[in-house]
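One letter stands for each residue in the lines below.
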Amino acid sequence: AHAWHHPTAVLQQAIESGSPPDMGDMPAWKGKLSDAQIDDVIVYVKSLWSDEVYQRWLEIERNAMPE
């Protein structure tokens, strides 16, 4: 539900490493999913967002990109 608050790099890291023990129960997927599969998961999650949410996420993504 709050994935849209994070740029792609943070989403990739969260899927690879899982959530910190004090912040949730998401398991780590590094070594179980390839980088391409992790990217596919992120694309799928983004496909569930409304156009409005996607546009707000784009702003976050643009701000996270190095200049």
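One can find the structure itself at the top, above this paragraph.
Residues numbered from 1 in each chain as written. Predicted model: local features only at pLDDT ≥ 70, side-chain atom pairs only at ≥ 80, totals over all residues. Heavy atoms only, no water.

Draft legend 1. Quick look at the layout of surface pockets. Of the pockets and cavities examined, the largest pocket occupies roughly 420 Å³. When contributions to the lining of the largest pocket are tallied by element, the ones reaching two or more residues are helix H1 (8-17) and helix H2 (35-47). Sort the elements by how many residues they give to the lining of the largest pocket and H1 lands first, with 5 residues. Counted by class, the lining of the largest pocket contains 11 nonpolar, 5 polar and no charged residues. (1 Å grid on protein atoms, 1.4 Å probe; cavity = no way out; pocket = protein on both sides within 12 Å on 5 of 7 lines; lining within 4 Å. Points joined across faces, edges and corners; volume = space filled by probe spheres on them. Helix = DSSP H or I, 4+ residues; strand = E, 2+ residues; numbered from the N terminus. Nonpolar A, V, L, I, M, F, W, Y, C, P; charged D, E, K, R; others polar.)

Draft legend 2. How the structure looks around H2. With 13 residues, H2 should cover 18 Å at 1.5 Å per step; its first-to-last C-alpha distance of 18 Å lies within 8% of that length. What H2 keeps buried is the set Ile-38, Ile-42 and Lys-46. Buried residues along H2 cover an arc of 80° about the axis, so they all sit on one side. Turned more than 90 degrees from where H2 packs its buried face, Asp-40, Val-43, Tyr-44 and Ser-47 sit exposed. Looking at the buried residues of H2, the elements they touch are H1 and helix H3 (51-64). (Expected span 1.5 Å × (residues − 1). Buried < 20%, exposed > 50% of the residue type's maximum accessible area, 1.4 Å probe, protein only. Arc of directions from axis to C-beta. Contact = heavy atoms within 4.5 Å.)

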